[in-house]
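Observations on the model geometry
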Amino acid sequence: PQPNGGPPGSPAPPQSGGKTGGSYKAENERLFGEFLELCTHLTEEHPEVIPFLSGRHQKASPDFLASAELRNILSRCLSRVRTRRNKVYVYINELCTVLKAHTLRRKLPLAAAPPAATPPSPPQPTASPQSPASPTAGSSRPAGGSKRQIRYLENLLRVYMGEIRRLQERELDLAELDSEDSTYLQESRLKRKMMRIFERLCQLKQCSSLTGRVIEQRIQYRGTRYPEVNRRIERFINRPEAFPDYTDILKVIQKASARHSLGLARRQMESMAQDAFREVGNRLQERRHLDLVYNFGSHLTDQYRPGTDPALVDPELAKRLRKNRTVALTRLDDVISHYAQLQDESEEEERGRKRAAR
């Protein structure tokens with residue numbers, strides 16, 4: 001989040017790549033004022049719309065009001081209203097949805113409520129039919145969400161998706177790469193917000209959050225003749241973001257042998273760990289590769305078809321691409337060989353130091 005520095009009326013000029021919250025806040029206030037002024041003339045038949053929008057703006061968190069995300073949304077809504085005035089209510093609703101998602105939550109003081117409820121203790125039995133209803137209402141609340149909540153979150157996902165598409169279509173210069181608020185970082189923050197909204201939406205709909213990706217499929221392991229070892233390895237490799245090395249697999253086998261009293265020798269456990277590490281590593285790598293193939297891409301390349309490749313009709317371009325591929329593979333092999341040689345030399349030095357110490 002952007003730091004909220006400086007008073008509201010600070011005269012700091014807005015900067016495109018700055019990271020101070022004061023500059024974004026001043027620019028956001030100016031853009032919001034222009035948006036209100038433009039919408040006021042277009043919504044004269046419904047005068048209650050502008051006060052509602054202003055109220056949403058006042059209740060939003062100060063960090064969001066001084067963020068680059070709001071600046072981008074205000075700029076986009078303002079430009080779209082200017083070009084498509086008949087869609088003014090659509091863009092007002094879009095801005096209200098985003099502001100509502102960043103509204104400050106205020107807790108009401110409840111200290112005065114219990115004393116007022118304790119004096120009328122005699123009429124308590126008359127209200128007994130309502131007392132069992134309250135726990136049922138409280139228990140049914142987390143079971144699922146209302147249609148209004150679900151519609152609101154789905155609409156918020158659509159808004160964030162449109163903002164991500166706009167950021168992906170924006171040109172990125174070299175100077176912006178060093179900025180702490182580049183388009184890449186803004187896109188990453190929006191995607192993290194979308195993931196949280198998606199998880200909350202799955203809770204409200206009482207459905208699984210699994211998307212069917214290859215990376216979510218469980219890997220079954222039956223590489224040894226010991227079911228206890230197989231279960232432990234399978235449980236270990238199916239953890240989120242797990243890509244174990246040889247030492248991890250060896251520790252799993254050792255724990256399984258000690259836990260279930262298998263009596264495995266050290267050399268036997270090392271041999272089992274080597275075989276399991278090769279098989280597990282290949283299967284995890286294949287799963288990640290398939291997930292990348294199925295999910296990698298952008299809406300900017302959705303219209304691409306293999307038959308439209310310009311290298312198919314331009315022999316010079318095809319020759320240049322083949323040459324670049326050969327150069328890239330050669331340089332990659334050189335880098336791998338260089339660091340492999342450095343690692344061998346460091347290991348040889350370490351063995352020499354151990355021999356000298358002995």
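Let me begin by describing the structure that accompanies this report. Small disclaimer: the values here were computed from a predicted structure and weren't measured.

Calculation notes
Residues numbered from 1 in each chain as written. Predicted model: local features only at pLDDT ≥ 70, side-chain atom pairs only at ≥ 80, totals over all residues. Heavy atoms only, no water. Helix = DSSP H or I, 4+ residues; strand = E, 2+ residues; numbered from the N terminus. Expected span 1.5 Å × (residues − 1). Buried < 20%, exposed > 50% of the residue type's maximum accessible area, 1.4 Å probe, protein only. Contact = heavy atoms within 4.5 Å. Patch = residues over 30% accessible without salt bridge, like charges linked within 9 Å, V, L, I, M, F, W, Y side chains within 5 Å. Areas by Shrake-Rupley, 256 points an atom, 1.4 Å probe, with all protein chains shown as cover. Salt bridge = Lys/Arg side-chain N within 4 Å of Asp/Glu carboxyl O. Lys, Arg positive; Asp, Glu negative; His and termini not counted. Charge placed at Lys NZ, Arg CZ, Asp CG, Glu CD. 1 Å grid on protein atoms, 1.4 Å probe; cavity = no way out; pocket = protein on both sides within 12 Å on 5 of 7 lines; lining within 4 Å. Points joined across faces, edges and corners; volume = space filled by probe spheres on them. Nonpolar A, V, L, I, M, F, W, Y, C, P; charged D, E, K, R; others polar.

**Focus on helix H5 (residues 88–101)**
In this model, H5 (14 residues) spans 20 Å end to end at C-alpha, consistent with the 20 Å of a helix rising 1.5 Å per residue. Within the sequence span of H5, burial applies to Val88, Tyr91, Ile92, Glu94, Leu95, Cys96, Thr97, Val98 and Leu99.

**Some words on the side chain of histidine 57**
Summarising the element assignment, histidine 57 is placed in helix H2 (residues 49–59). If sequence neighbours within four positions are ignored, histidine 57 has contacts with Phe32, Leu65 and Leu99.

**Some remarks on a nonpolar patch on the surface**
On the surface, Leu174, Leu177 and Tyr184 cluster together into a nonpolar patch covering about 380 Å² of accessible area. Topologically, leucine 177 is positioned in helix H9 (residues 174–177).

**Some thoughts on a positive patch on the surface**
Taken together, the side chains of Lys319, Arg320, Arg322 and Lys323 define a basic patch exposed on the protein surface. Within the fold, lysine 323 resides in helix H14 (residues 315–357).

**Looking at the layout of surface pockets**
Quantified by volume, the largest pocket comes out at close to 820 Å³. Met161, Lys191, Met194, Met195 and Arg213 are the residues nearest the centre of the largest pocket, which is lined by 20 residues in total. In terms of residue class, the lining of the largest pocket is built from eight nonpolar, seven polar and five charged. Its boundaries defined by the atoms lining it, the second largest pocket holds a volume of some 480 Å³. Among the residues forming the lining of the second largest pocket, the class breakdown is five nonpolar, two polar and eight charged.

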